[in-house]
Amino acid sequence: MSAPDTQPTPSLQRAVSRWQIVGLSINDVIGSGIYLLPAATVMLLGPFSLWGVLAAGVVVALLVLCYAQAASYFDEPGGSYLYAREAFGRFAGFEIGWMIWLTRISSAAALSNALADAVARFWPLAGSGGGRIAVIVLSLAFLTGVNIIGVRSAARTGVVLVIGKLVPLLLFVAIGAFYIDPQLAFSGQRPDPHDLQRMGEAALLLLYAYAGFENIPAAAGEYRNPRRDIPFALITMIITVTVIYAAVQIVAQGTLPGLAGSATPLADAAAGFGGEALALILTVGATISILGTNSNTMMMGPRFLYALAADGYGPKVLAHVHPRFRTPAAAILCQGIISLLLALSGSFVQLALLSMTTRLFAYIGTAAAVLVLAKRYADRPGALKMPGGPLIPVLALVLCLALFASASWANILAALAAFAVGAVIYLFPRKDG
């Protein structure tokens with residue numbers, strides 16, 4: 001009689017270091033938004049754009065602190081899903097995990113289309129037809145493959161891409177700083193503070209530019225010391241990104257007349273003070289930036305799906321860890337295929353809008369969860385203690401609810417419909433064994 005199979009079940013590998021997490025968090029936030037933000041912000045806020053960017057950084061910092069505090073309590077993967085589940089039970093956790101996974105799918109699909117648009121600036125065939133399909137398919141296949149091979153390779157890829165996206169932005173700021181016209185930077189039509197719809201659009205736009213940080217805790221099971229390193233990475237990220245965004249905004253405002261009407265604001269501004277060579281560098285930077293953000297999307301998104309499947313929701317295979325690569329390979333492949341199908345539909349605008357509205361569910365769930373978790377786990381070694389007690393999560397919660405209310409009815413209804421679909425899935429958990 002043969003001996004029973006005693007081979008251990010493969011587990012996730014803790015391979016990602018503190019500074020790799022910092023790189024991943026910056027990579028996840030600085031994406032296509034920074035290349036569109038200056039023009040759109042000036043159009044909505046006029047001469048107050050710089051202050052809007054800084055104010056948004058402060059507001060997002062409240063959310064970042066909520067995530068940092070929650071992350072200091074856990075070593076497990078799951079992020080927003082885990083925090084909501086531990087604070088409010090399995091249903092709340094499932095719904096948050098479901099909504100944030102939908103955000104990751106729609107973001108990956110939208111970013112793939114944005115990548116094709118960026119590539120089309122120097123390879124026109126990528127703008128439509130077979131060339132566009134090739135860019136979408138190859139980029140998603142590459143990122144899916146990198147993530148299946150291993151989290152270490154995915155983290156290294158993310159760090160390389162974040163360097164590639166930061167260098168053009170730093171060149172833009174370093175050279176453009178000598179050409180800023182202060183009068184141009186702070187002139188223009190002042191917004192009407194009573195135009196609440198316009199203010200709401202500006203707020204959502206600025207939130208979009210800072211979004212993505214919430215994905216970092218999702219892969220905590222593959223970080224060497226997540227309870228210490230995730231809070232450090234998130235706080236380092238929000239300071240770094242806010243400084244970069246403010247610097248880029250002031251250079252763009254102060255060097256490009258008619259900024260609000262520019263489709264490619266950074267490249268146009270760079271061409272004005274640095275010539276076409278610098279404009280090309282910024283265009284390549286935009287391409288790398290989008291690819292880098294999608295790299296993180298394809299890394300973090302499947303971790304939500306893996307966590308849901310491990311808790312009994314969805315096919316059991318999605319909770320499988322590859323025995324050689326020690327990654328949630330089935331979940332990664334599943335997200336890659338669904339994202340590809342959505343990306344080929346070409347519905348970039350709808351996907352991007354849905355991703356913003358669904359993302360707010362994760363923010364609201366985490367801010368509310370911190371109020372509960374802070375009482376329950378306050379005595380855990382290494383747990384963060386924020387100044388003001390519940391003040392930070394309460395402020396973050398109120399701001400998120402206000403942002404959700406400022407979305408269009410179409411987006412709100414779409415998000416609520418997705419929430420209802422999640423509730424139906426929750427009623428039919430997997431019955432193992």
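Residues numbered from 1 in each chain as written. Predicted model: local features only at pLDDT ≥ 70, side-chain atom pairs only at ≥ 80, totals over all residues. Heavy atoms only, no water.

**Student:** Describe the nonpolar core, and please don't skip the residues or the numbers.
**Tutor:** The biggest cluster of nonpolar side chains holds 114 residues, and the ones touching the most others in it are Phe-172, Phe-213 and Tyr-245. In terms of residue count, helix H11 (residues 265-310) provides more of this core than any other element does, 15 residues in total. Those residues in contact with Phe-172 that lie beyond four places of it in its chain are Val-248, Val-251, Ala-252, Leu-266, Ala-269, Ala-270, Phe-273 and Leu-282. Core analysis: the second largest hydrophobic core is formed by 16 residues, Ala-109, Ala-126, Ile-136 and Leu-143 among them. (Core = buried A, V, L, I, M, F, W, Y, C linked by side-chain atoms within 4.5 Å. Buried < 20%, exposed > 50% of the residue type's maximum accessible area, 1.4 Å probe, protein only. Helix = DSSP H or I, 4+ residues; strand = E, 2+ residues; numbered from the N terminus. Contact = heavy atoms within 4.5 Å.)

**Student:** Before we move on, can you summarise the confidence of the model for the chain with the specific residues and values?
**Tutor:** Looking at the chain as a whole, the pLDDT averages 82, with 88% of positions reaching at least 70. Of all the helices and strands in the chain, helix H9 (residues 196-210) carries the lowest mean pLDDT, 71, while helix H4 (residues 80-88) carries the highest, 91. In the predicted structure, residues 1-5 sits below a pLDDT of 50 and forms zero contacts with residues beyond four places in sequence or in another chain. (pLDDT = per-residue confidence, 0-100.)

**Student:** Before we move on, can you summarise the pattern of salt bridges with the specific residues and values?
**Tutor:** For the structure on display, the rule yields six salt bridges. Close ionic contact of Arg-85 with Asp-311 constitutes a salt bridge, the shortest N to O distance being 2.6 Å. Taken as a pair, Arg-85 in helix H4 and Asp-311 in the loop between H11 and helix H12 (329-345) lie far apart in primary sequence, 226 residues in all. Classification of Asp-311 by relative accessible area gives partly exposed; the value is 22%. A salt bridge links Asp-229 to Arg-228, with the shortest nitrogen-to-oxygen separation between them at 3.0 Å. Three or more residues joined by partner-sharing salt bridges are found here, namely Arg-18, Arg-228 and Asp-229. (Salt bridge = Lys/Arg side-chain N within 4 Å of Asp/Glu carboxyl O.)

**Student:** Lay out unusual backbone geometry in plain terms, naming residues and giving numbers.
**Tutor:** Phi is positive for Arg-326, close to 55°, though the residue is something other than glycine. As for its placement among the helices and strands, Arg-326 is situated in the loop between H11 and H12.

**Student:** Can you break down the state of the cysteines residue by residue, with the values?
**Tutor:** Taken as a whole, this structure holds zero disulfides when the rule is applied. Looking at the unpaired Cys-400, the closest cysteine sulfur is the one in Cys-66, lying at 8.0 Å. Among the residues examined, Cys-400 registers a relative accessible area of 1% and is labelled buried. (Disulfide = S-S within 2.5 Å.)

**Student:** With reference to specific residues and values, describe the side chain of Thr-297.
**Tutor:** Counting through the fold element by element, Thr-297 comes out in helix H11. In terms of polar contacts, Thr-297 uses its side chain to reach the side chain of Arg-104, at 3.1 Å. Aside from chain neighbours lying at most four places away, what touches Thr-297 is Asp-28, Arg-104, Ser-107, Ala-108, Leu-111, Pro-302 and Gln-335. (Polar contact = N/O pair within 3.5 Å; in protein donor to acceptor, adjacent residues only side chain to side chain.)

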